[in-house]
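Spelled out from the first residue to the last, the chains are:
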Amino acid sequence: MKIGFYPGCSLEGTSREYNESVLALGNALDIEFEEIKDWNCCGATAAHSVNKELSLSLPARVLALAERQNFSEIVVPCAACYNRLTTTQYELAQDEEKKKRISEIIEMPYDGSVRILNVLQMLQKYAVDSIAQKVTNPFKHSVACYYGCLLVRPHKILQFDRVEDPQSMDTLMSAIGANTLDWAFKTECCGGGLSVSRTDIVSKLSGNLLKDAKDRGAEAIIVACPMCHSNLDMRRPEINKYLGEDIEIPVLYITQAIGLALGLEPEKLGIKRHFVNVNLI
Amino acid sequence: MNKLEEKAVSLLQSGVKLILGYEKGDKGARPFFCHTPEDASKLIYDEHATTNLATYILKPELMGHDKVAVCATLRTLRAIAQLASENQIKEENLIVFTITEEGNGDVKEFSGIDEINSYLTDKELEVAQLYKELDEKLSGMSREEKWSFWVNEFSRCIKCYACRAACPLCYCTRCITDVNRPQWIDPWPSPMGNMEWQINRVMHMVGRCIGCGACTKACPVGIPIGYLSRKMLNDLSEEFGYIPGQAMKDGNSLSTFKPEDKENFIH
Amino acid sequence: MDNNESEFEPKIVAFVCNWCTYAGADLTGTSRIKYATNVKIVRFPCTGRIDFMLLLKAFANGADGIIVSGCHPNDCHYTSGNFHARRRWIAFRHLLEIIGVDVRRIRFSWVSAAEGAKWGDLVNETVANIRELGPYTEYTKVAQYVEKEDNNE
Amino acid sequence: MSKIGVFICHCGENISATVDCQRVAEELSKVDGVAYSIDYKYMCSDPGQTLIKQAIKEHNLTGVVIGSCSPRMHELTFRKTCAEAGLNPYMCEIANLREHCSWVHEKGEATTEKAISLVKMLVEKVKKDHPLTSIQVPITKKALVIGGGIAGIQASLDIANCGHQVILIEKDPSIGGHMSQLSETFPTLDCSQCILTPRMVEVAQHPNITLYTYAELDSVDGSIGNFHVTIRLKAKSVDPKKCTGCGTCSSKCPQKKIPSEFNAGLGTRTAIYVPFPQAVPNKPVIDKEHCNYYQKGKCQLCKKVCPTDAIEFDKPDELLKEDVGAIVVTTGFNVLKTDFFPEYGYGKYKDVITGLQFERLASASGPTLGEIRRPSDGQIPKKIVFVACAGSRDPAKGIPYCSKICCMYTAKHAMLYQHKVHDGESYVFYMDVRAGGKNYEEFVRRAIEEDGVKYVRGRVARVYEKDGKLIVKGADTLLGGAPVEIEADMVVLATAGVSNNGAEQLAQKMHISYDSYKFFAEAHPKLRPVETNTAGIFLAGACQAPKDIPDTVSGASGAAVKVAGLFSQSMLVREPLIAVVNRCAPPLFSTCVGCFMCETACPYHAIEHEEIKNRNGDVIKTVAKVNPGLCQGCGTCVAFCRSKSIDIQGYTNEEMYAEVVSLLNN
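What counts, and at which threshold
Residues numbered from 1 in each chain as written. Chains lettered and ligands numbered in written order. Predicted model: local features only at pLDDT ≥ 70, side-chain atom pairs only at ≥ 80, totals over all residues. Heavy atoms only, no water. Helix = DSSP H or I, 4+ residues; strand = E, 2+ residues; numbered from the N terminus. Rg over C-alpha atoms; globule rule 2.2 N^0.38 Å. Buried < 20%, exposed > 50% of the residue type's maximum accessible area, 1.4 Å probe, protein only. Contact = heavy atoms within 4.5 Å. Areas by Shrake-Rupley, 256 points an atom, 1.4 Å probe, with all protein chains shown as cover. Lys, Arg positive; Asp, Glu negative; His and termini not counted. Charge placed at Lys NZ, Arg CZ, Asp CG, Glu CD. Buried area = accessible area lost by both parts, 1.4 Å probe. Salt bridge = Lys/Arg side-chain N within 4 Å of Asp/Glu carboxyl O. Polar contact = N/O pair within 3.5 Å; in protein donor to acceptor, adjacent residues only side chain to side chain. Nonpolar A, V, L, I, M, F, W, Y, C, P; charged D, E, K, R; others polar. pLDDT = per-residue confidence, 0-100. Pairing = 2+ DSSP bridges. Axes fitted to C-alpha atoms, helices over the stretch in contact; angles between N-to-C directions. Disulfide = S-S within 2.5 Å. Domains from an automatic or database assignment.

(A) Local environment of the overall build of chain A. On a plain count of helices and strands, chain A comes out with 15 helices and eight strands. Its C-alpha atoms give chain A a radius of gyration of 19 Å, within 12% of the compact-globule value 19 Å for 281 residues. A principal-axis box enclosing the C-alpha atoms of chain A has dimensions of 55 × 45 × 30 Å. Here chain A holds 281 residues, and 56% of them are scored as buried. Across chain A, every contact between residues at least 6 apart in sequence was considered, and the portion connecting residues at least 24 apart equals 76%. For chain A, the exposed area adds up to about 11,800 Å²; of that, 54% sits on carbon and sulfur atoms. Here chain A contributes 30 positively and 36 negatively charged side chains, and the mean placements of these two sets differ by 2 Å.

(B) Structural detail: the overall build of chain C. Across its full length, chain C carries five helices and four strands. Order of helices (α) and strands (β) in chain C, N terminus to C terminus: β-α-β-α-β-α-β-α-α. Here the C-alpha radius of gyration of chain C, 16 Å, is about what a compact globule of 153 residues would show, namely 15 Å. Taking all 153 residues of chain C together, 67% fall into the buried category. A sequence separation of at least 24 residues applies to 82% of the contacts in chain C between residues at least 6 apart. Entry remark: accessible area of chain C is about 5,400 Å², with carbon and sulfur atoms responsible for 49%.

(C) Focus on the interface of chain C and chain D. The partner chain D presents 45 residues to the 43 residues of chain C that form the contact. Taken as a group, Lys40, Arg43 and Arg49 of chain C account for 19% of the area that chain C buries against chain D, more than any other trio of residues on that side. Counting across the chain C and chain D interface gives two salt bridges. The shortest N-O distance in the salt bridge between Glu75 of chain D and Arg43 of chain C comes to 2.8 Å. Across the contact surface, chain C and chain D share 17 residue pairs in polar contact (both at pLDDT 80 or more). The set of elements that each furnish at least two residues to the side of chain C that touches chain D consists of β1 (12–17), α1 (21–30), β2 (39–44), α2 (52–60) and α3 (81–99) of chain C. Among the elements that line the side of chain C that touches chain D, the one with the most residues is α1 of chain C, at seven residues. Considered class by class, the residues forming the side of chain C that touches chain D number 20 nonpolar, 13 polar and 10 charged.

(D) Expanded view of the confidence of the model for chain C. The predicted model of chain C has a mean per-residue pLDDT of 89, with 91% of residues at 70 or higher. At the level of chain-chain contacts, confidence expressed as ipTM amounts to 0.66, with global pTM at 0.71.

(E) Structural detail: the sheet that holds strand β3 (residues 63–68) of chain D. Residue and element names in this part refer to chain D. The strand order across the open sheet built from four strands is β2-β1-β3-β4, with neighbouring strands paired in parallel fashion. The outermost strands of the open sheet, each flanked by one partner alone, are β2 (34–40) and β4 (92–96). When strand polarity is set aside, the average angle formed by the axes of neighbouring strands in this sheet is 15 degrees. As judged from the five bridges shared by β3 and β4, these two strands associate in the parallel manner. Paired with Val65 across the bridge in β4 is Glu93. Here helix α5 (residues 109–128) sits on the sheet and contacts β1 (4–9), β2, β3 and β4; the angle it forms with β4, its principal contact strand, is near 160 degrees.

(F) Focus on the state of the cysteines. Under the defined criterion, the tally for this structure stands at one disulfide over all chains. Residue Cys215 of chain B stays outside any disulfide, its sulfur separated by 6.5 Å from that of Cys167 of chain B, the closest cysteine. A relative accessible area of 10% places Cys215 of chain B in the buried class. Looking at Cys11 of chain D, it has no disulfide partner, and the nearest cysteine sulfur is the one in Cys9 of chain D, 5.2 Å off.

(G) Expanded view of the domain arrangement of chain A. Residues and elements named next belong to chain A. Looking at the assigned domains, one finds that chain A contains domain 1 (2–119) and domain 2 (136–273). At the boundary of domain 1 with domain 2, total buried surface from both sides reaches about 2,100 Å², with 70% on carbon and sulfur atoms. The interface formed by domain 1 and domain 2 holds one salt bridge in total. Glu20 is the partner of Arg273 in a salt bridge, and the nearest nitrogen-oxygen pair spans 2.7 Å.

Structural data, given as structure tokens:
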């Protein structure tokens, strides 16, 4: 089974482990990811706070390239890229002039026919039953699934899962034997882009989040967004300082957790790259 | 004995008084009223069977109160469906059967109007060649040319009302031409009277005409009157949301409306 | 009827609904807005009541132009009379176009009971258009065909 | 030969200023059929009218045309004048010479010519007019009121007190509606039961009111003055005549854990139950879904213990046919449940309740006998957060409107809580407090200033449960949108008022229109708020839109007076300008061919099927017939009918044809 693949900058940079785990999981479930040739950055939060047309052209160019390679579907593991690409496709579909203008800027024909899937949608669509059969060592831990903001909002555009209480990650995790906790911070913000400029706010927001997970007995936090992962994992010292207590819960990508359950070696899944070490197995 | 004849004989034996069908005429099939099993052998069915038998269904003198069967072509089926949507068909007195299109002579009897409607859903209403040529010619004309073309055509009308007699959906006991208080339409064939008659007939066909072409065939002086209602049928079907050749449920496209009907001339 | 341009006084009949456009025309009166005398109003209970044959009769009897006006959609006193009328005019106007009747001479409009000024403008505008189009002899020639048969004009 | 009188009015000089009235009158006298033609300065004045009457008598005129102001002004006056002189009023027509001629044209030949042709047009019309008599429709002096809440109760009492018979039907086992569920009512805090139950008893005892509870409307047809309704009396399985209301059956019934609808799901009830102590009638019904006998065929305990053997298990539903002259719809509204709100936990948290549930907690006959206790653990909450506009004014949730009563009952709830739990803390998150009624604003100020309710101006973004507490995360827009987080023991959502489920089907049964929220549509929002577009059917209470009790009661009395007004005349008199399907001698009987396309065109469902039968009763043909009570005279069917078999009196085909021809030929 072949499907278009758009890694985005984070998967090539700070969250290489997410990329490794997606690819490793891919060939374990014989899903072949074919990268979009000459892909460019999606602009993330930076672009749309600076220049509207730039924030539409960057994702549009990626979609145009995918169309040129005539993919009908592409997988976008990073939540921010997934959000930007889908919002662009939605906005250009609403407004003919804008669509014409944007395809002029990127000097490529843009039709907007490619279906964009985030990693949860891709797994639900192609792998949910094969995963259950292929589990060799079940992930016997209670976990708190954390969706963050960009996977589920704005609902009108993304139309993905329940806005306030999403369940897609929970279903995948319970398919591999995990005990998913019902907790209140599933879609609360982790601090996002303030990670560098206002680390104090990130430590407060992520701190509350982690505290609630720990109080409810979570042994790991499962995420599907590089931004959330870096705030919860990399900023752990500041968080512990803010909370005044040491929280050692590791933060895993869902693809890593499923990979472990399928018996793939931790190195291949980039488990070693985390700041808070993963001593679950 | 082919299947059609078998069917006719079995129907006649089971109490049906009359079967409307076709028999061999000099130029192919022509209408035939079969009353006895012996005549059943005369019944035939081929592509010359174009006269619309539905016209006879509404003649009480012919139908009476007992059971009648009709060997229906596609056109007749469409007419029956439309007549049923206008409460003109007594289903208990009418048995409708047709010869399937596979060409192996199989007979298919319909249980009722609904089955006829569903049978017709995938049957495309084809466009006659004559219509295409005229439409081509007329669309090139200016308004004034169209006007003189039609005034000339209508002036040839002799008000024989054969078009009204041939059309299965023209079943009013007293037609508007017979109304004399007020005298809507001149009874004698004046050019204006002829035009007003045709405009009225076509307006009465909006959303009802099934494009069977019986009117054009019936006109002794060869005025292409079928073109008018067929063009209205094609042009307005998409706008009024009906499928040419299929009956609408509860009301036709002129007795109902949609709040979002589109037009560009009321301002 | 002399035919040179400036002398031609078009004969225009207006079919209007009693609840909206007729009341609108009343308001034009009470606000003393002046308009051309060529238009004469026929009152109907609703635009749904206006029979398309009456338009043909108007042309046949020498009308050079016709105004048909009633309530705006959703304003109809009888809830749906104007919707039915609109559906009828879409079909009827299309048929006239096919036959070649000069549909520019029929002006369809919505005028509410509060739009007195609009009625005045509508009348003046229509009279100007019809004066420009000239008398509709094309139609009346066919209508009066028999009376002039002996001097076969 | 018709003898028509033409009377041209000068209207002081409004007409004569630009129209030569003498010449108009003179020209008209030459028209054949015109027997008398004069002009006069003030036609509508008393001398003017006497002039018309004398002329009618002297020249025994058969028709009259008045050239004057708009018919919308004096048509009625002049028709009454002709009637007094013995001429049928519908043989009198008005030519609009003022608004449509003299006022809008300059003085001159063309204006007078136009005036002449306008009057000639009407003369031609009068020649084709027929004398008409107004329609008399008999009225059944009995009203049907659907819905036994305070609106239905008030309407029934008012109509019954006017001496008319009323049938009141209520689908629940007892009347009282939502008002019976309330503890106290704003703004006076008088106890809802104390002001409502006397009215309920009055309804039960009123000689003119027949009360059917556990009954629903099955079908309606007919028209104003003559509705034929079928009422479905759902089987109560208890014979009201034998039952003394002793309650032994309820106490013995094994099914004890059924969530009580009356207590909004907080309390429980038995399968055979009386909804609440002051229920009227105070007789139990058996809820078939939960009764062991009906579900599993066992038990029958209630039958065994019943002293008067009133239980009748096999009694089927009964269909009751009634004829009524008017219907008042008072079916009330509903409130959204908590599972409608994702941000407040999709209804998972027990201590997140609706305003109606709080009413039951506060009510003395409620599950906690009036003490405010948490549904989860029964503790008395020390801190409650009230959330106003939960669902209302929220286009994203499809409810953009304001539900009008929540601000007031939220202030009341906070006040009741402070009175019952002195050391309690209550917060109200609001957008705008809407307290527009009489003494409403003062009531809310009292809650804030005297009872110390803390009003926070902002929305609540999320509520979630943590260690037995409800964490309420909101914002305070008056403090620059600063986030507010409160650890509350209980959260009360003032949920939106929505239409009853089943409202749409009920509206379709009665052919009344409803809006996109399934609230019933009134004929005119400002000028006809208690009527619907269907003549004879009236509306009152919250079934039309969320409403407080004062508006509901005044609306109910309004609807009642409309019914009483309708019943005050022996016959319903209506203008005869309606459609008629022609009839003629046998064997044709009518030129109508029975296609009934007119039926689909008629907005008032006024076209009926009439079966023409021969002597021995079998049907020859089915033709259309117009119901004079329903037809409003729009004429759409007339212009639509292909065979010209239907015509409208006052605007017949002949008359309109004559007008057009006359207008263009002179």
